[in-house]
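Observations on chain architecture
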Amino acid sequence: MVTKNDADGEYVQNIDYAASPRHTTAYARLTSNTPGKYFVRMANYYDKSQVCATTDFTVGEDTVGARVAGNTAAGQGRIKHLQRD
């Protein structure tokens, strides 16, 4: 689940991803042309309250040469793993 600014922010989109207990890495594609801060949660498809990882990232204005006209530079985030009891 992708939202603006934080977990309670404006909805952006959902990205479906299948994972198993043996996977240690994951990635999904997201294209955003709107600069700003985004928050991502990896959650159980059937129970959104079961969150297993979160991260946030910022998309900044593109300032590289001719691409300045409407394109956006990529942002980066780092996954924060949540511990289960």
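All values derive from a computational prediction rather than experimental measurement.

1. Re the overall build of the chain
- Across its full length, the chain holds zero helices and five strands.
- From first element to last, N terminus to C terminus, the chain shows the α and β order β-β-β-β-β.
- By residue count, 18% of the 85 residues in the chain fall in the buried class.
- Relative to all contacts within the chain whose residues are 6 or more apart in sequence, the contacts with residues 24 or more apart total 41%.
- Accessible surface, the chain: about 6900 Å² in total, of which carbon and sulfur atoms supply 49%.

2. What about the pattern of salt bridges?
- Tallying each qualifying case throughout the model produces one salt bridge.
- Note that Lys 37 is salt-bridged to Asp 56, the shortest N-O span being 3.9 Å. Separated by 19 residues along the polypeptide, Lys 37 in strand β3 (residues 36–43) and Asp 56 in strand β4 (residues 51–59) bring together distant segments of the chain.
- By relative accessible area, which is 24% here, Asp 56 ends up partly exposed.

3. Brief notes about the environment of Met 42
- Secondary-structure assignment places Met 42 in strand β3.
- Since its relative accessible area comes to 29%, Met 42 is described here as partly exposed.
- When the C-alpha atoms of Met 42 and Val 2 are compared, they prove to be 9.1 Å apart, with 40 residues separating the residues in sequence.
- When near neighbours in sequence (up to four residues on either side) are disregarded, Met 42 contacts Tyr 17, Ala 19, Ala 26, Gln 50, Val 51, Cys 52 and Ala 53.

Parameters at a glance
Residues numbered from 1 in each chain as written. Predicted model: local features only at pLDDT ≥ 70, side-chain atom pairs only at ≥ 80, totals over all residues. Heavy atoms only, no water. Helix = DSSP H or I, 4+ residues; strand = E, 2+ residues; numbered from the N terminus. Buried < 20%, exposed > 50% of the residue type's maximum accessible area, 1.4 Å probe, protein only. Contact = heavy atoms within 4.5 Å. Areas by Shrake-Rupley, 256 points an atom, 1.4 Å probe, with all protein chains shown as cover. Salt bridge = Lys/Arg side-chain N within 4 Å of Asp/Glu carboxyl O.

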